[in-house]
Amino acid sequence: MGGLDWQQWQAEQQRRHEQDEWLRCEREAGIQRQQDEQLTLQRQAALQREREIEEQAIRSREAPAAKVPWWQRLGFGSHKGSPGPRQLDTRRRR
């Protein structure tokens, strides 16, 4: 009967070892899932910040342009006090 007890003990040790290994793998997988989720959230937040910065840059480029006369946007009369585009002489010489 001693041999049967030894076999049972060995089988129990093997079962415990396999169970411990399975639990370790499950813990590691859970930790990896948490890290992946955290990384995904960080990436999403970074993308959102990047979009907001781009939108702000677009708004800051567009807002002043709407207030500036077209000739200044084209580079005419962009200096302070400039009268704008030159008026064509309505009297034509022949």
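Here the structure is a predicted model, which is why all the values come from computation and not from measurement.

Asker: Which parts of the structure should I look at to understand a negative patch on the surface?
Answerer: On the surface, a cluster of negative charge is made up of Glu50, Glu52, Glu54 and Glu55. Of note, Glu50 is situated in helix H1 (residues 2–67). We classify Glu50 as partly exposed; its relative accessible area is 44%.

Asker: In this structure, what is going on with the pattern of salt bridges? I would like to understand it.
Answerer: When charged atoms on two side chains of opposite charge get close, those side chains can pair. One pass over the full model with this rule turns up four salt bridges. Where Glu12 meets Arg16, a salt bridge forms, and the shortest distance between an N and an O atom there is 3.2 Å. With a gap of four residues between them, Glu12 and Arg16 both fall in helix H1, about one helical turn apart. By sharing partners, the salt bridges in this structure join Glu12, Arg15 and Arg16 into a single network.

Asker: Would you explain a nonpolar patch on the surface in this entry?
Answerer: The grouping of Trp70, Leu74 and Phe76 at the surface amounts to a nonpolar patch, some 380 Å² of accessible area in total. Looking at the element boundaries, Leu74 is found in the segment after helix H2 (70–73).

Procedures and definitions
- Residues numbered from 1 in each chain as written.
- Predicted model: local features only at pLDDT ≥ 70, side-chain atom pairs only at ≥ 80, totals over all residues.
- Heavy atoms only, no water.
- Patch = residues over 30% accessible without salt bridge, like charges linked within 9 Å, V, L, I, M, F, W, Y side chains within 5 Å.
- Areas by Shrake-Rupley, 256 points an atom, 1.4 Å probe, with all protein chains shown as cover.
- Salt bridge = Lys/Arg side-chain N within 4 Å of Asp/Glu carboxyl O.
- Lys, Arg positive; Asp, Glu negative; His and termini not counted.
- Charge placed at Lys NZ, Arg CZ, Asp CG, Glu CD.
- Helix = DSSP H or I, 4+ residues; strand = E, 2+ residues; numbered from the N terminus.
- Buried < 20%, exposed > 50% of the residue type's maximum accessible area, 1.4 Å probe, protein only.

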